[in-house]
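Structural overview
In case you want the letters, here they are:
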Amino acid sequence: AGALAACSSSSSTPALISPSGPAVAAADKKRAKSGRTHELPLTAARAMVDLGAGITAGTWAFSGQLPGKEVRVSAGDTLAATLSNQLPDRATTSIHWHGIALRNDMDGAPPATQSAVRAGRNFTYRFTADAPGTYFFHPHVGVQLDRGLYAPLIVEDPREPLSYDEEWVIVLDDWLDGVTGTPDEAFAELRQGMGGMHSEEHDMGGMDMGGGTDTPSSSPSPSSGSDMSMRFMLMGARSPLLGGDAGDVKYPHHLINGRVPADPDVFRTKPGKRVRLRLINAGGDTAYRVALGGHQLTLTHTDGFPIRHQQVDTVLIGMGERYDALVTLGDGVFPLVALAEGKNASGMALIRTGSGGPPKPTTRPKELDGKITTASQLRAADDVRLASKKADQVHRIELTGGMMAYDWAINGKRFDMNNPTANPITVEEGRRVRLDFVNTTTMWHPMHLHGHTYQLSSGGPRKDTAIVLPKRTLSVFFDADNPGQWMLHCHNAYHGEAGMMALVGYQ
Ligand code: C2O
Ligand code: CU
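In this text, all values refer to a predicted model and were calculated from it rather than measured experimentally. (Residues numbered from 1 in each chain as written. Chains lettered and ligands numbered in written order. Predicted model: local features only at pLDDT ≥ 70, side-chain atom pairs only at ≥ 80, totals over all residues.)

Let us look at the nonpolar core. Ala129, Leu153, Ile170, Leu172 and Ile317 are the most contacted members of the largest nonpolar core, which has 127 residues in total. Considering every element that reaches this core, the biggest residue donor is strand S20 (residues 333-340), with six residues. For this core, the two domains that each supply at least three residues are domain 1 (30-159) and domain 2 (383-506). Not counting the four nearest positions on each side in its chain, Ala129 is found in contact with Val73, Ala75, Asp77, Leu79, Ile100, Leu102 and Val155. (Core = buried A, V, L, I, M, F, W, Y, C linked by C-beta atoms within 7 Å. Buried ≥ 20, exposed ≤ 12 C-beta atoms within 10 Å, placed from the backbone. Helix = DSSP H or I, 4+ residues; strand = E, 2+ residues; numbered from the N terminus. Domains from an automatic or database assignment. Contact = placed C-beta atoms within 7 Å.)

What follows is the structure, encoded as structure tokens:
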């Protein structure tokens, strides 16, 4: 990782604030700190995980669990998490704290904010999380997120304004890897399962599909065909919400809290109890429409930040997005279903407050076909709405590329891991910045900005990840108040890795 600066000689690459420079330390001083520190060991290693219904899978996980064990702190606390890289195949790794506005050098985004943690090595992430909310964490190397290396991170509010009796964390995931022990076998199964259906195959070129060696961060150029040449299965699936022409990976399983629908996670309480659900989409390639049979959900937070409460039948959650919801439970057994949008397959958990047999694993509560809510229909709560102000800096972020060439990019340029500061989107501290995401493609993209929580235009919700529909433009605002170098990318793990990624740098 020594030659980052050399290449783009004649271009006037602006000088960017470095991830561990004095500006970063100065901004961090301003964070309100509680004085408490949580020490936390986290081992990334191969694991056999039990998905329920007799299905075990060999994959990569944090400390042997899927999802990884929840981390819970209070706003202002400091987390000192020591990642021990015990992954096989000399794979390098990192941990990114998705959604947290932390100090830049702890963001876990190689090669921009650190070099990737080598096999057999440790790295301690030490940072203060000062904004309460529902977050999660995952590696930021290759598509390791899609293997099972993810876990919830909850930052509690010491002055929590909501009242509820129970709080349950619900993590959604599309499971491709390791169904029968190795990704290759999983793909063989996929091919068989597709027999007779209308499908096309597309060569993924150098994509790491979760098998073999993970691209080490020293040579992960997405365009350099590497050792892995997996084939993608494409289906003509269409979503009324997300649009058409979208090829999808066909996943054998959709998991809630690491369980298949035939053997679901079961939550128990009494009828009439008020429950807070923290919904996290940790999937690599799937948006989920989530509903609870027999109930409406009251949405309270988007990506950790409060909104004006909104009652909904069902909410659409893209990869990397989080929603919190309140619900007062009836008497019985209720399926909490995550429908893979456009794919006609789902994950399920059960809520049991009374007697009754479990619903079928394929049950489809009618709420899923009711009014579907997306982030753009929601409003920020008054206390987190950005003061209205004209943008000082505007950047046009064209989302470009297509499924066939798999040349996903930003402004036509695939992100170069070997030269991360080559085409920065530059901002200045103290400025109000507007990003116009212009989706020129026929697929939708959940666009995630590190280190900041932007706001959707005209009073929309605060978010760090938002779906940009095909052929549409989405404008978001943020105040540039967290100096450093931050990744901006599509949270479809495969699009991001292919190159739909850019660096936002403070000047
Ligand atoms: Cu959750 Cu840059 O990602
Ligand atoms: Cu994308």
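The next point concerns the pairing of strand S1 (residues 37-52). With nine bridges joining them, S1 and strand S4 (residues 78-86) adopt parallel strand pairing. Bridging from a neighbouring strand, Ala45 pairs with Gln86 of S4. The pairing of S1 with strand S2 (residues 55-62) spans eight bridges and is antiparallel. Looking across to S2, one finds that Arg46 is bridged to Trp60. In textbook terms, the turn of a hairpin is the stretch between consecutive antiparallel strands, and for S1 and S2 this stretch comprises two residues, one of which, Ala53, has a positive phi near 55°. (Pairing = 2+ DSSP bridges.)

Strands sit in the order S25-S33-S32-S27-S30 across an open sheet of five strands; the sheet is mixed. Among the strands making up the open sheet, the edge pair consists of strand S25 (425-427) and strand S30 (465-468). For this sheet, the mean inter-axis angle between neighbouring strands, taken without regard to orientation, is 20°. Here strand S27 (residues 445-449) runs beside strand S32 (residues 485-490); their pairing, made up of three bridges, is antiparallel. Paired with Leu449 across the two strands is Leu488, which belongs to S32. (Axes fitted to C-alpha atoms, helices over the stretch in contact; angles between N-to-C directions.)

Residue Pro67 is reached from Leu66 by a cis peptide bond, and omega for that bond is -15°. Within the secondary structure, Pro67 sits in the loop between S2 and strand S3 (71-74). Cis peptide bonds are those with omega within 30 degrees of zero, and the linkage from Pro110 to Pro111 qualifies with 0°. Relative to the helices and strands, Pro111 is located in the loop between strand S5 (96-98) and strand S6 (122-128). Non-glycine residue Asp303 carries a positive phi angle of around 50°. Along the chain, the position of Asp303 falls in the loop between strand S16 (297-302) and strand S17 (305-312).

Before going further, it helps to examine the pairing of S20. Regular strands place side chains that alternate from one sheet face to the opposite one. S20 sits mainly inside the fold: seven of its eight residues count as buried. Direction of pairing for strand S15 (residues 288-292) relative to S20: antiparallel, over a ladder of five bridges. Note on S20: the bridge partner recorded for Leu292 is Leu336. When S20 meets strand S21 (residues 346-352), the two strands line up antiparallel, connected through seven bridges. Paired with Leu336 across the bridge in S21 is Ala349. As consecutive antiparallel partners, S20 and S21 are separated by five residues, and within that stretch Gly342 has a phi angle of approximately 80°, a positive value.

On to the UniProt feature "domain: Plastocyanin-like" (unreviewed entry) in the protein. The feature "domain: Plastocyanin-like" (unreviewed entry), as annotated in UniProt, sits at residues 56-159, 253-349 and 396-503 in this numbering. Taken as a whole, residues 253-349 contains 0% helix and 59% strand, while its terminal C-alpha atoms sit 13 Å from one another. Counted over residues 396-503, helix gives 6% and strand 44%. Its end C-alpha atoms are 14 Å apart. (UniProt positions renumbered as here; feature names shortened; annotations may be inferred.)

Our focus in this paragraph is the environment of Ile351. Mapping Ile351 onto the fold places it in strand S21. For Ile351, a count of 27 C-beta atoms within 10 Å gives the class buried. Remark: the alpha-carbon pair of Ile351 and Pro361, spanning 10 residues in sequence, is separated by 14 Å. The contact partners of Ile351, leaving out residues within four places of it in the chain, are Phe267, Leu292, Leu329, Phe334 and Leu336.

One open sheet accounts for six strands, arranged S24-S23-S26-S31-S28-S29; its pairing is mixed. Across the chains shown, the open sheet's two edge strands, defined by having one partner strand only, are strand S24 (409-410) and strand S29 (462-463). When strand S23 (residues 393-400) meets strand S26 (residues 432-439), the two strands line up parallel, connected through seven bridges. Bridge pairing in S26 links Arg396 to Asp436.

Parsing the protein into structural domains produces domain 1 (30-159) and domain 2 (383-506). Computed from C-alpha coordinates alone, the two centres of domain 1 and domain 2 are separated by 23 Å. Domain 1 puts 12 residues into the contact, and the matching count from domain 2 is 17 residues.

This part is about the environment of Gly347. In this fold, Gly347 is placed in strand S21. The buried category is assigned to Gly347, around which 31 C-beta atoms lie within 10 Å. Separated by 10 residues in sequence, Gly347 and Val337 place their C-alpha atoms 5.8 Å apart. In contact with Gly347, not counting residues within four places along its chain, are Leu172, His254, Leu255, Ile256, Pro261 and Ala338.

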